[in-house]
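Chains, contacts and geometry: an overview
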Amino acid sequence: MLGCDGSILLNDTANNERDVIFNKNSARGYELIDNAKTEVEKICPGVVSCADILAVAARDASVAVSGPSWTVKLGRRDSTTPYPDVALSDLPRFTESLPELIARFEHKGLSERDMVALSGSHSIGQAQCFTFRDRIYNGGDIDAGFASTRRRGCPVSSGDSKLAPLELVTPNQLDNNYFKNLLQKKGLLQSDQVLFSGGSTDSIVSEYSRNPSKFLSDFASAMVKMGDIEPLTGSAGQIRRICHAVN
Ligand code: HEM
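Residues numbered from 1 in each chain as written. Predicted model: local features only at pLDDT ≥ 70, side-chain atom pairs only at ≥ 80, totals over all residues. Heavy atoms only, no water.

Which entries qualify depends on this criterion: UniProt positions are given in the numbering used here, feature names are shortened, and annotations may be inferred rather than shown by experiment.
As annotated in an unreviewed UniProt entry, the protein chain carries the name peroxidase and is attributed to Ziziphus jujuba. The record held by UniProt for the protein chain lists under Sequence similarities (unreviewed entry) the comment "Belongs to the peroxidase family. Ascorbate peroxidase subfamily."

Structure (structure tokens):
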């Protein structure tokens, strides 16, 4: 993980990004990308990178859950190695404070507004109990009823991998309910709630909670911007033949 170069897809060596603690049992669906690549190779071999396929799949996934569409810039090339050490050191953590999260996104050229918009993807999907246990048992900045509901599905000292939806109202739709929940202190992860906890991003969260179309258009722009992070172009990297292994 240096940039948008498909390095997370590799699993041909023991030292890969998929198994880094923040990705393991979290990032998933790799076989979909492998299957898409197989189909593309049948029609047009050696041309379309796995990094591009991943970027297109992210856009199509957004559309599939009622989120926005955008034009995906194409022409990325694939990395020839995974970067597990960088994934470990650079990925944001669910325990981090707002200034720490801001610094991480800034390090990749993404603004506070980009960060808040992108966090809106937690409007879909699920999280494992170990990622929100501390917040629901010890957190101060949380709705009491919400905490007690979530405690029922996430025991205090077992069930690490039990799942809860990241967004409780419309968990399968990419919409602004995530932000409405934050206003009610019903963010599941600490890293969600810190976006609305008296800091500099409060105003952006409020804006998105009131203005769903602004959220969707900012989300689309931020996804394009994220896809522009350090791509490999020209003769750098390669076009992999299969997405989970280097040529
Ligand atoms: C602000 C920094 C972020 C932190 C700390 C963070 C952390 C997490 C954590 C802890 C989970 C639960 C994983 C698990 O329990 O297995 C999760 C899930 C998820 N995250 Fe993030 N995330 C962040 C930003 C993002 C961004 C920028 C995106 C994409 C634009 C994203 C997309 C997702 C999705 C889609 C899921 C659900 C996965 C599933 O259901 O399998 N997150 N995130």
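Further notes follow.
**Quick notes on the coordination of the iron atom of the ligand**
This is how it is decided: Distances decide who is a donor: an N, O or S atom must be within 2.8 Å of the metal, or within 3.2 Å for Na, K and Ca. Water is not included, so sites may look incomplete. Every helix listed is a DSSP run of H or I at least four residues long, and every strand listed is a run of E at least two residues long, numbered separately from the N terminus.
Donor atoms from the protein around the iron atom of the ligand number only one, H122 (NE2), found at 2.0 Å. When you line up the elements, H122 lands in the loop between helix 5 (112-119) and strand 1 (126-128).

**As for the packing of aromatic side chains**
We count it as follows: Pairing of aromatic rings covers Phe, Tyr and Trp, the last counted by its six-membered ring, and requires centre-to-centre distances within 6.5 Å; plane angles under 30 degrees mean stacked, over 60 mean edge-to-face, and any other angle means tilted. The cut-offs for exposure are 20% and 50% of the maximum accessible area for each residue type, with area from a 1.4 Å probe on protein chains only; residues under the lower value are buried, those over the upper are exposed, and the others partly exposed.
By the definition in use, this model includes 7 aromatic pairs. Ring geometry for F94 and F130: centres 6.1 Å apart, planes at 75°, overall edge-to-face. With F94 in the loop between helix 3 (84-90) and helix 4 (98-107) and F130 in helix 6 (residues 129-138), this residue pair connects regions lying 36 residues apart in the sequence. Residue F130 is classed as partly exposed on the basis of its relative accessible area, which comes to 33%. The interplanar angle of 55° and the centroid separation of 5.8 Å between the aromatic rings of F215 and F219 together place this pair among those described as tilted. Here F219 and F215 lie together in helix 11 (residues 212-227), a separation of 4 residues that amounts to about one turn. An identical accessibility class is assigned to F215 and F219; each is buried. One aromatic cluster is present, built from ring pairs that chain together W70, Y178, F179, Y208, F215 and F219.

**Considerations on the nonpolar core**
Note the threshold: As used here, the term nonpolar core means buried Ala, Val, Leu, Ile, Met, Phe, Trp, Tyr and Cys residues forming a set that is joined through side-chain atoms within 4.5 Å. Where each domain begins and ends is defined by an automated method or by a domain database. Any two residues having at least one pair of non-hydrogen atoms within 4.5 Å are treated as being in contact.
With 29 residues, the main nonpolar core has F179 and L195 as its most contacted residues. For this core, the elements supplying multiple residues, two or more each, are helix 4, helix 5, helix 8 (177-183), helix 10 (202-210) and helix 11. With 5 residues, the single largest contributor to this core is helix 11. Mapped onto the domain boundaries, this core takes at least three residues apiece from domain 1 (7-91) and domain 2 (112-223). Leave out the neighbours within four places in its chain, and F179 touches V116, G120, V205, Y208, S209 and F215. Grouped together as the second largest cluster of nonpolar side chains are 12 residues, A127, F146, L188 and L189 included.

**Some words on the site of the ligand**
This is how it is decided: Proximity is defined per residue: any heavy atom of the residue falling within 4 Å of a molecule or strand makes that residue near it. Distance and chemistry together define a polar contact, namely a pair of N or O atoms within 3.5 Å, with one atom able to donate a hydrogen and the other to accept it when in protein, and with adjacent residues in sequence counting only for side-chain atoms on both sides. Nonpolar residues are Ala, Val, Leu, Ile, Met, Phe, Trp, Tyr, Cys and Pro. Charged residues are Asp, Glu, Lys and Arg, and all others, Gly as well, are polar.
The immediate surroundings of the ligand are formed by 21 residues, with S26, R28, H122, Q126 and Q128 found nearest. Separating a nitrogen atom of the ligand from a side-chain N or O atom of H122 is a distance of 2.8 Å. Here Q126 contributes a backbone N or O atom positioned 2.9 Å from an oxygen atom of the ligand. Here the shell around the ligand gets 3 residues from one element, more than from any other, and that element is strand 1. Here the shell around the ligand is composed, by residue class, of 9 nonpolar, 10 polar and 2 charged.

**A closer look at the environment of I242**
In this fold, I242 is placed in the segment after helix 11. Judged by its relative accessible area of 43%, I242 is partly exposed. Between the C-alpha atom of I242 and that of T131, which follows or precedes it by 111 residues, the distance is 32 Å. Excluding residues within four positions of it along the chain, I242 makes contact with K37 and C50.

**A closer look at the domain arrangement of the protein chain**
The test is simple: Summed over both partners, the accessible area lost on bringing two parts together, with a 1.4 Å probe, is the buried area. We define a salt bridge as a side-chain nitrogen of Lys or Arg found within 4 Å of a carboxyl oxygen belonging to Asp or Glu.
For the protein chain, the assigned domains read domain 1 (7-91) and domain 2 (112-223). One C-alpha centre belongs to domain 1, the other to domain 2, and the line joining them spans 25 Å. The interface is formed by 11 residues belonging to domain 1 together with 9 residues belonging to domain 2. Contact with domain 2 buries area across many residues of domain 1, yet V65, P68 and W70 alone supply 58% of it, more than any other trio. The tally of links between domain 1 and domain 2 comes to 0 salt bridges. Here the side of domain 1 that touches domain 2 is built from residues that sort into 4 nonpolar, 6 polar and 1 charged.

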